[in-house]
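Observations on the three-dimensional arrangement
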Amino acid sequence: MRFISWRMPAKKKQDAPVPEKTEALPAFLGKILESRGINTPELVHAFLTYENPGYSPLLLADMDKAVARIREALEKNEKILVYGDYDCDGVTATVMVYDYLENLGADVLYYIPEREGEGYGLNAAAVEKIYQAGVQLIITVDNGISALAEIALAAEKGIDTVVTDHHQPGEQLPEAVAVVDPHRRDCPYPDKNLCGAGVAYKLLCALEDDQGEMLLELYGDLLCVATLADVVPLRGENRYLVRRGLELLEMTQREGLQALATEAGLHLESLSSDNVTFGLAPRINAAGRIGSVDQAVELLLCQDPERAAELAHDINALNASRKGMEEEIIRDISAMIAGQPQLLSGRVVVLAGENWNPGVIGIVASRVVERYRKPCILLTRMEGGELRGSARSVEGFSIIDAIRSCGDLLERFGGHPMAAGLSMREEKLESFRQRLESVARERAPRMPVHSLTVDGTIPLSDVTLEQIRQIERLAPFGCENPYPVLLLWNVTLDSVTSIGGGNHLRLGLQQGGSGCQAVCFGMRRENFLFEPGQRLDCAVTLSVNTYQGTDRPSVRILSLRPHGFDMAGKLAGQEAYDRLCRGEDPREVWAACSFGRDVMSHVFRLIRSVSPYRGEADGLFWQLGGKADYFQVLVSLAVLKDLKLIQTEWESGVELIRLLPAQGKADLNLSSTYQKLLGWKVVS
């Protein structure tokens, strides 16, 4: 088991407002709002009432020019092309603009580039195809802000371009007829957080001279899916759009969304933001990741129930294939790390593999970050010696800035602080690794770790239906307004029961005179270290479960650890060990670094008593009860591996530590790890 770091809310200042005194909020709900910066009566009221900000679309810079050019094209019956992107945001934006123009009788086409063959955004080959098709006006959605050369090429061929995008612009804007992007420095639009479909929706509002309500009735369902899929902040206008969009999804007449919900096992009349984010959006994305994105566009435009059901079934199958690909890549990574554990010692983990589908490695990179708690870049080998990859980061370290510092080694790159894409020649990989490590060392001498944000502590006696129902007042949940995570502190484990064919656990928890049943998904009994009677700290989410007409509190455990676990000691020990592996002085972060045969003997004996040991390093650290610090546990495992006394292997996502037959008395001097310890004089 791995015990992860929790980021607790900042302590309240003495003179801070007390939002729980407004709106008749329960105290714990007010504290959650306060931790999210909603700390005045005015902000609380605005957050809880879902008011439409009512911003005019004409506040977006160049929107008037975009409207004028599109209206001219409509009047002259020019051929218009909507140029989209292959992710959920780009697909829904394409569908919205295409459908709107087609309903006006426009001569309109759409084009979405292939992820593998063309990549993101406009490209020269696509511009040539568009020219050959006789297109006179391109409208980009969810892309275009960085396509300076391609838009210039289109202009040379007599094609005008209207850009609608939401990505950060560079120093220079493309020379288009209009560039509509709320992130333009000169754009006065108050809310900068619209997704690509959100900007496209504003374009339609401007064309219709509508402040949004009429077009929201038409496209609010798609806009909701796009906004949640693109993980933009659910504050301000986005919060209103998603709230209304969820209501509209309940009654959508869109055959494609109805069929997709059926395939996903979802009921439209009771959709939550999580259902959309993890149920509908991944399936739309799957078409662009590993299939044909045209399937997703056709599905969302489809008016024939039978054809919609067929398309939804095919897309659902693609999504299942996508999950299989992810698991295969995870297995490859686990084997790679088991054979070369030094790959994990860098401040940024950089891994390259064979036959990893470039459409899914971004998802896998996020999982690697969650497991190893540090930024990650995954690269897959393409034809012609190209490496193409995705990066994910941790809060506090901008991965795009770090990648930009290596720009001369790359073919292409782009992204934002938490996620990026890149490509390079394979011969540049080692130089890239070294440069990236140097940049990371300079900017983050001690790399921030991926943590679970906890909103506050709640006693078990407060886990009631009444309290849980209050949480729904904060919906819809998503980016910058996640579902609240609450801490059950110092509870006693009362019972452990396997459920779901042995793949999950139901835990009975007690505190004082109160008790509850909590579910720990993805945890098998043989991998669970704890026994009834032991005390735990659990980070949980709370919801209402309705079964056979009866409502009960539902407690889901996201993370748990022994009560009083020394997380600070673990983090310092891990950093010290990583420094040792990198050839840096571990004493810079752990002055008390030491190692001796007696410490290693404690680790060895514990493994021998339960081989194969399933608790990983965290479990050893806890179960040794102070006989070894975390640095010593990691070093002991490394030395024992060097001496071929143990080996590690992976089983169902857990690292097993297995004892090997002894080959005589071990000589510590044969361990490369021990030699490093000698070099830094930390051997006792």
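Below is a summary of the structure that appears in this document.

**Notes on the overall build of the chain**
A count of helical and extended segments in the chain gives 22 helices and 20 strands. What you see for the chain is a C-alpha radius of gyration of 27 Å, in line with the 26 Å of a compact globule of 684 residues. Principal-axis analysis of the C-alpha atoms gives the chain an extent of 90 × 60 × 55 Å. A total of 684 residues make up the chain; the buried ones form 53% of that total.

**Section: unusual backbone geometry**
Cis rather than trans, the peptide bond between A475 and P476 has omega equal to 5 degrees. For P476, the position within the fold is in the loop between helix 17 (465-471) and strand 14 (486-499). A cis amide bond links S611 with the next residue in sequence, P612, at an omega value of 0 degrees. Residue placement: P612 occurs in the loop between helix 19 (597-609) and helix 20 (616-623). For D142, which is not glycine, the phi dihedral falls at a positive 65 degrees. Within the secondary structure layout, D142 lies in the loop between strand 4 (137-141) and helix 6 (148-156). One non-glycine residue, K644, adopts positive backbone phi at about 55 degrees. Turning to its location among the elements, K644 is positioned in the loop between helix 21 (630-642) and strand 19 (646-651).

**Some points on the packing of aromatic side chains**
A complete count under the given rule lists eleven aromatic pairs for this structure. Consider the rings of F3 and F565, whose centres lie 5.0 Å apart with planes at 75 degrees: the pair is edge-to-face. With a gap of 562 residues between them, F3 in the segment before strand 1 (6-7) and F565 in the loop between strand 18 (550-562) and helix 18 (567-582) connect regions that are remote in the sequence. Residue F565 is classed as buried on the basis of its relative accessible area, which comes to 10%. On the basis of an interplanar angle of 80 degrees and a centroid distance of 5.6 Å, the ring pair of Y98 and Y110 is categorised as edge-to-face. Separated by twelve residues along the polypeptide, Y98 in helix 4 (residues 88-103) and Y110 in strand 3 (residues 107-111) bring together distant segments of the chain. Its relative accessible area of 14% is what places Y98 among the buried residues. By way of ring pairs, the aromatic residues F3, F528, F530, F565, F621, W622 and Y630 are connected into one cluster. For K157, the ring lying beneath its charged end belongs to Y131, and the centroid distance is 4.7 Å.

**Describing the pattern of salt bridges**
Pairing between side chains of opposite charge can happen when the charged atoms of each approach one another. If you walk through the whole model with that rule in mind, you get 45 salt bridges. Salt-bridge contacts for E78 lead to R69; the nearest nitrogen and oxygen are separated by 3.0 Å. For E78, a relative accessible area of 9% gives the class buried. A salt bridge links R184 to D186, with the nearest nitrogen and oxygen atoms 2.7 Å apart. One connected set of salt bridges, linked through shared partners, spans R347, E437, R441, E575, R579, R582, E584 and E588.

**A few points about helix 1 (residues 27-35)**
Restricting attention to buried positions, one finds in helix 1 the residues F28, L29, G30, I32, L33 and E34. Positive backbone phi, approximately 85 degrees, marks G37, located one or two places after helix 1.

**Topic: the nonpolar core**
Generally speaking, a soluble globular protein has its nonpolar side chains buried in company with each other. Core analysis: the biggest nonpolar cluster contains 81 residues, and V91 and L101 have the highest contact counts within it. Discounting residues that sit within four places of it in the chain, L101 has contacts with I70, L74, I80, V82, A106, V108 and I139. Counting 78 residues, the second-largest nonpolar core is a separate cluster that includes V463, C520, L536 and V540.

**Focus on the side chain of R579**
Along the chain, R579 falls in helix 18. A relative accessible area of 5% means that R579 is categorised as buried. Not counting residues up to four positions away in its chain, the partners in contact with R579 are R347, P445, R446, E584, D585, P586, E588 and V589.

**Details of the pairing of strand 8 (residues 376-381)**
Counted residue by residue, strand 8 has five buried out of six residues, so it is predominantly covered. Looking at chain direction, strand 7 (residues 349-353) and strand 8 are connected through five bridges and run parallel. Each residue of the ladder has a partner; that of G353, found in strand 8, is T380. Following the chain from strand 7 across helix 14 (residues 361-372) to the adjacent parallel strand 8, one finds a crossover that is right-handed. Pairing geometry for strand 8 and strand 9 (residues 386-392), over six bridges, is antiparallel.

Rules of the game
Residues numbered from 1 in each chain as written. Predicted model: local features only at pLDDT ≥ 70, side-chain atom pairs only at ≥ 80, totals over all residues. Heavy atoms only, no water. Helix = DSSP H or I, 4+ residues; strand = E, 2+ residues; numbered from the N terminus. Rg over C-alpha atoms; globule rule 2.2 N^0.38 Å. Buried < 20%, exposed > 50% of the residue type's maximum accessible area, 1.4 Å probe, protein only. Phe/Tyr/Trp six-rings, centres within 6.5 Å; stacked < 30°, edge-to-face > 60°. Lys NZ or Arg CZ within 6 Å of the ring centre and 35° of its normal. Salt bridge = Lys/Arg side-chain N within 4 Å of Asp/Glu carboxyl O. Core = buried A, V, L, I, M, F, W, Y, C linked by side-chain atoms within 4.5 Å. Contact = heavy atoms within 4.5 Å. Pairing = 2+ DSSP bridges. Right-handed = clockwise from strand over helix to strand, strands pointing away.

Remember that the coordinates give geometry; whether it matters functionally is a separate question.
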